[in-house]
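Here are the chains, one letter per residue:
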Amino acid sequence: MSHAVVPKPITRAVSTLLTASCLLSACAAPAPPRAAARPSATTAAPAAPPALPPPTGGRPVGATVLYLKDASRADPWAPEAKARELMVTLWYPARTRTGTPAPYMSAEESELTLKGKRVTSAPSDVLSKVRTNARTGAEPAGRAGGLPLVVLSPGFTLPRGTLTALAEDLASHGYVVAGVDHAYENYATTFPDGRIATCVACDSDTDPGFGPRVTAARAADVSFVLDRLTGPDPAWPGARLIDRRRIAMAGHSIGGAAAVEAMLKDRRIRAGLDMDGTTYARIPRGGLSRPFLFLGSAGHPPGGRDTSWDRDWKLLSGWKRWLTLPGADHQSFTDVPLLARALGLGAPGSPDAPRPTQIVRAYVLAFLDLHLRGRPQPLLDGPSARYPEVRFCAPASKDCR
C-alpha cells in the first residue's frame, strides 16, 4: 500500500531548539549548527502560551510531585552530594477534576531552560505559563493493586515536564505515570528547599563512555523510584493503587536508551519502549525476552547511521516491533511541537503541531495496553489507515512498509 509522508512536524528552528538533548551519537541525524536555533528577522512574534491537548482517555488526571533521596549512593555528577536526589512527577487517574492546575515548570526553571537552549525569541517565563490538563490535589481513583505503572525518562538536558502530554494521556487511560528528573542532567531541577540543580553533566557529554555512564545512572534512578513506589514504605499515599506486577518504562532519546539498561538491571520492568534513542547497554547473548518497542524518527531506519538498534534487534528474543515516522524529527516524541509557536520559533502564521503527539500517544498506549493489560492491539499488527505515516520495519531485509 502507499504511504503518506507526514509534513515536517517541527520547523528547522524548533528542531534545533533542543539539539543539546541528543548526544552527538544518540541523535537520529547530525545536529545542525547551534546558530540555526536563533530566530531570524522574519520569525513570528511569540503567541500566547499554548494549552497541551486534552487527554484521550475518560478519566480526570491528577498530578503530584515527589522528592526522593537515595542515601545509599553519591550523586554520579556531583560527588560532593553524598546522596542522589530526584524529583518525580506522578500523573494518575483522579476521582474528579478538582484541585488547582498542575504547573508545567516554574518561572525560574523556564528561564534556565531557555537560556541553556539559547532561545531568546520568547519571554523567559513562557514555559511556566503552559496550560496543562492535570490537577494538583485531586484524589487518586482506582482499586487497590489495579493501576499499571509506567516510568518516563526524558532526553538529555530535558526536564521531565517535556513528556507531559504523553503522561497526561496515559493517566487518563488508567495508568500511574512517574516522570523522573535525573538531577544534574538538565538545566534546572528544583528541590523542595529551593536549591536548583543545573546541568553539571553537560560538561562531560563529549567524554568517552558518557552514554553508558548516563544510562547506568538512570537505571539506578529508576530502580530506586520503583522501590519508593512499590516497597514497604511508599513515598506516595496513593501507592496502594499500583499493581506491582505490571510495570513498564519508556523514554525519549537517552531516556529510551536507559529503558534497555533498566530492564537488564531490574526484572520488575515487564516491557520497555525507546523513542528515538541510540542504545548503549549490551544485551547478553541469552537475549532480552521481555517486550520491547523501538519508535523512531526518519533517522532510525534499519541499516541507518545509528547501528545500535540493528545490534539490539537481534538480541530481543520476545515480542518486538521497530516502527518509524518518516516525517518526524528527534523532538517529535516530546511536547516540543506543541510549544513552537509560544517560543516564537515557528514560521509566521504556523500552527502548533498536534499530529506527532497524536501518533506517539496512540502507539505508546497500544503497546502498554497489550503488554500490561493483555488487550489485543491491531494497531501493532501492521500499517494502519488511521496513521499511514507510521511504518513497520523488517530489519532483516532493511525494509519499512
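Heads up: these notes are all about the structure in this document. (Residues numbered from 1 in each chain as written. Predicted model: local features only at pLDDT ≥ 70, side-chain atom pairs only at ≥ 80, totals over all residues. Heavy atoms only, no water.)

Before going further, it helps to spend a moment on the overall build of the protein. The secondary structure content of the protein amounts to eight helices and 14 strands. Out of the 401 residues belonging to the protein, those deemed buried represent 60%. In the protein, 73% of the contacts between residues at least 6 apart in sequence involve partners at least 24 apart. For the protein, the accessible area works out to roughly 15,800 Å², and carbon and sulfur atoms hold 54% of it. (Helix = DSSP H or I, 4+ residues; strand = E, 2+ residues; numbered from the N terminus. Buried < 20%, exposed > 50% of the residue type's maximum accessible area, 1.4 Å probe, protein only. Contact = heavy atoms within 4.5 Å. Areas by Shrake-Rupley, 256 points an atom, 1.4 Å probe, with all protein chains shown as cover.)

This brings us to the side chain of Glu168. On the secondary structure map, Glu168 appears in helix 3 (residues 164–172). No salt bridge is formed by the buried Glu168. Its closest oppositely charged neighbour is Arg361, at 5.0 Å. At 3.1 Å, the side chain of Glu168 forms a polar contact with the backbone nitrogen of Ala134. For Glu168, the contacting residues outside a window of four places in its chain are Leu52, Pro55, Val61, Trp91, Thr132, Asn133 and Ala134. (Lys, Arg positive; Asp, Glu negative; His and termini not counted. Salt bridge = Lys/Arg side-chain N within 4 Å of Asp/Glu carboxyl O. Polar contact = N/O pair within 3.5 Å; in protein donor to acceptor, adjacent residues only side chain to side chain.)

This part covers the packing of helix 4 (residues 210–230) against helix 5 (residues 254–265). What describes two packed helices is the angle between their axes and the distance between those same axes. Their axes nearest at 8 Å, the elements helix 4 and helix 5 cross at an angle of 60 degrees. Overall, the two elements helix 4 and helix 5 adopt an arrangement that is oblique. For helix 4 against helix 5, the interelement crossing comes out right-handed. Contact residues: helix 4 offers Gly211, Val214, Thr215, Ala216, Arg218 and Ala219, while helix 5 offers Ile254, Gly255, Ala257, Ala258, Glu261, Ala262 and Lys265. (Axes fitted to C-alpha atoms, helices over the stretch in contact; angles between N-to-C directions. Parallel < 35°, antiparallel > 145°, perpendicular 65-115°, else oblique. Left-handed = near helix turned anticlockwise from the far one by under 90°.)

The next subject is the pairing of strand 6 (residues 176–181). With respect to burial, strand 6 is a largely interior element, six of its six residues being buried. By the alternation rule, side chains of strand 6 split into Val176, Ala178 and Val180 and Val177, Gly179 and Asp181, which are all buried. Relative to strand 6, strand 2 (residues 84–93) is paired through five bridges, and the arrangement is antiparallel. Its bridge partner lying in strand 6, Trp91 is registered against Val177. Bridge count for strand 5 (residues 147–153) against strand 6 is four bridges, and the pairing is parallel. Residue pairing across strands places Leu149 opposite Val176, the latter belonging to strand 6. Once the chain exits strand 5 it traverses helix 3 before rejoining the sheet at strand 6, and the crossover so formed is right-handed. (Pairing = 2+ DSSP bridges. Right-handed = clockwise from strand over helix to strand, strands pointing away.)

Within strand 10 (residues 271–275), five of the five residues are buried, leaving the element largely enclosed by the surrounding structure. Every second residue of strand 10 is oriented toward a common face, with Ala271, Leu273 and Met275 on one face and Gly272 and Asp274 on the other, all of them buried. As paired strands, strand 9 (residues 242–252) and strand 10 are joined by five bridges and run parallel to one another. Paired with Gly251 across the bridge in strand 10 is Asp274. Note that the unit made of strand 9, helix 5 and strand 10 has a crossover that is right-handed. Note: strand 10 against strand 11 (residues 292–296), four bridges, orientation parallel.

Attention now moves to helix 8 (residues 355–373). Counted at 1.5 Å a residue, the expected span for helix 8 with its 19 residues is 27 Å, and the 26 Å between its end C-alpha atoms agrees. Extensive coverage of helix 8 is indicated by the burial of 16 of its 19 residues. Downstream of helix 8 by a residue or two, Gly374 has a phi angle that is positive, lying close to 70 degrees. (Expected span 1.5 Å × (residues − 1).)

In this section: the environment of Glu168. By relative accessible area, Glu168 is classed as buried at 0%. Taking the C-alpha atoms as reference points, Glu168 and Ala134, 34 residues apart in sequence, are found 6.7 Å from one another. Among the polar contacts made by the side chain of Glu168, one reaches the side chain of Asn133 at a distance of 2.8 Å.

With that out of the way, let us pick up the nonpolar core. One finds Leu229 and Trp236 to be the most contacted residues of the largest nonpolar core, which totals 42 residues. Residue contributions to this core peak at six residues, all from helix 4. By size, the runner-up hydrophobic cluster in this structure holds 40 residues, among which are Tyr175, Met275, Ile359 and Ala362. (Core = buried A, V, L, I, M, F, W, Y, C linked by side-chain atoms within 4.5 Å.)

For the rest of this paragraph, the subject is helix 5. In this model helix 5 runs 16 Å from its N-terminal to its C-terminal C-alpha over 12 residues, within 8% of the 16 Å that 1.5 Å per residue would give. Of all 12 residues in helix 5, 10 are buried; the element is thus mostly enclosed. Residues Ile254, Gly255, Gly256, Ala257, Ala258, Ala259, Val260, Glu261, Ala262 and Met263 constitute the buried set of helix 5.

A separate point is the sheet that holds strand 4 (residues 135–136). Strands sit in the order 3-4-1-2-6-5-9-10-11-12-13-14 across an open sheet of 12 strands; the sheet is mixed. Edge positions in the sheet fall to strand 3 (100–101) and strand 14 (399–400), since each of these pairs with one other strand and no more. Packing of helix 5 onto the sheet brings it into contact with strand 5, strand 9, strand 10 and strand 11, and relative to strand 9 it is tilted by some 140 degrees.

Right, let's get into the packing of aromatic side chains. This model, assessed by the stated rule, comprises 11 aromatic pairs. Ring geometry for Tyr67 versus Phe191: centroids 6.1 Å apart, planes at 70 degrees, classification edge-to-face. Of the two residues, Tyr67 is situated in strand 1 (residues 61–70) and Phe191 in the loop between strand 7 (189–190) and strand 8 (196–197); the sequence distance between them amounts to 124 residues. Taking the ring centre of Trp313 as reference, the NZ or CZ of Lys320 above it sits at 4.4 Å. Its end group placed over the ring of Tyr175, Arg373 keeps NZ or CZ at 4.1 Å from the ring centre. (Phe/Tyr/Trp six-rings, centres within 6.5 Å; stacked < 30°, edge-to-face > 60°. Lys NZ or Arg CZ within 6 Å of the ring centre and 35° of its normal.)

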